[in-house]
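Here are the chains, one letter per residue:
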Amino acid sequence: FTGTTDKRESFNRLMEDAKQNKFDVIIVKELSRLARNAELAYGIKNLLENHDIKLISLEGAIDTTVDSNKNQMFGIYAWLYQQESENTSNRTKAVFISKYKNGEYLSAQPPYGYEKLREEKKLVIRKDETPDIVREIFNKFLDDWGYDKIARWLSSEGYKTPAQIVGKKNAGEFWHGPTVKKILTNPAYIGDLVQHREETRSAINKKRKQIPKEEQIVVKGTHEAIIDETTFNRVQEIISKREANGRGKTKS
């Protein structure tokens, strides 16, 4: 699967080809890398047990062409490697949490209006028009403009989108309501960092889950604010009231 862009498609093709007896042996470079992918590991375990497919790992951990009893051992190998992967993942998460608590900004993309000092892992206000645009977004919202109306105005003025500012490939030139709302609700604009908002479910399951608000890591005063706290809090109150009245929806 090395170099494959669509692993799901490759996995499904492997399973179908095996069931149709298109090959007899699966050769892998390292058993540990194979076993850490739970879905793939148990899919191959099924092939070994039910479709008379053989497995050879080039580093010598397993060769079922020589000893068919190793088929039963593969499940044990997979479990052990997955446990090792989970332990490594947990240690990595602990390191990140420690850095979050120290006020280090670890995300790759800084909030609109800021840039990231890579060495210090801190945010600083950009020396361009973007901080003023952030202030204007807050002002217009306080003037009773909605997210989508603000987005249309930003687009009509030709202001670069957050994706354009950070140089994302295929960045669109038009603003959207959800982007405006994200800016209006980001505590970074009053100098606070809120991190650890989501994480992978496990080392095996890479789908991300949301972290409950009370478990997120908040560090106040880590960088210079663009918006004063009174203005920010007022905006949050308005947002809450609008959503309670069904007015908080945005167009994608």
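Please refer to the structure higher up on the page.
All of the points below concern the structure found in this document.

Procedures and definitions
- Residues numbered from 1 in each chain as written.
- Predicted model: local features only at pLDDT ≥ 70, side-chain atom pairs only at ≥ 80, totals over all residues.
- Heavy atoms only, no water.
- Helix = DSSP H or I, 4+ residues; strand = E, 2+ residues; numbered from the N terminus.
- Buried < 20%, exposed > 50% of the residue type's maximum accessible area, 1.4 Å probe, protein only.
- Pairing = 2+ DSSP bridges.
- Core = buried A, V, L, I, M, F, W, Y, C linked by side-chain atoms within 4.5 Å.
- Contact = heavy atoms within 4.5 Å.

## Looking at unusual backbone geometry
At Asn21, a position not held by glycine, the phi torsion is positive, near 60 degrees. Locating Asn21 in the fold gives a position in the loop between α1 (7-19) and β1 (25-28). For Asn21, a relative accessible area of 61% puts it in the exposed group. Even without being glycine, Asp144 reaches a positive phi, approximately 75 degrees.

## Here's the deal with the pairing of β1
Put simply, side chains in a regular strand alternate between the two faces of the sheet. Covered by surrounding structure in β1 are Ile26 and Val28 only, the residues Val25 and Ile27 on the alternate face being uncovered. Bridging between β1 and strand β2 (residues 54-57) involves four bridges; their strand directions are parallel. Bridging from a neighbouring strand, Val25 pairs with Lys54 of β2.

## Regarding the nonpolar core
Core analysis: the largest hydrophobic core is formed by 29 residues, its most contacted members being Ile137, Val180 and Leu184. Secondary structure elements with two or more residues in this core: β4 (122-125), α5 (130-142), α6 (147-157), α8 (177-184) and α9 (229-244). Beyond its immediate sequence surroundings of up to four residues, Leu184 is in contact with Ile137, Phe138, Phe141, Tyr147, Phe232, Val235, Gln236 and Ile239. In this structure, Phe11, Leu14, Val28 and Leu31 belong to the second largest nonpolar core, which totals 14 residues.

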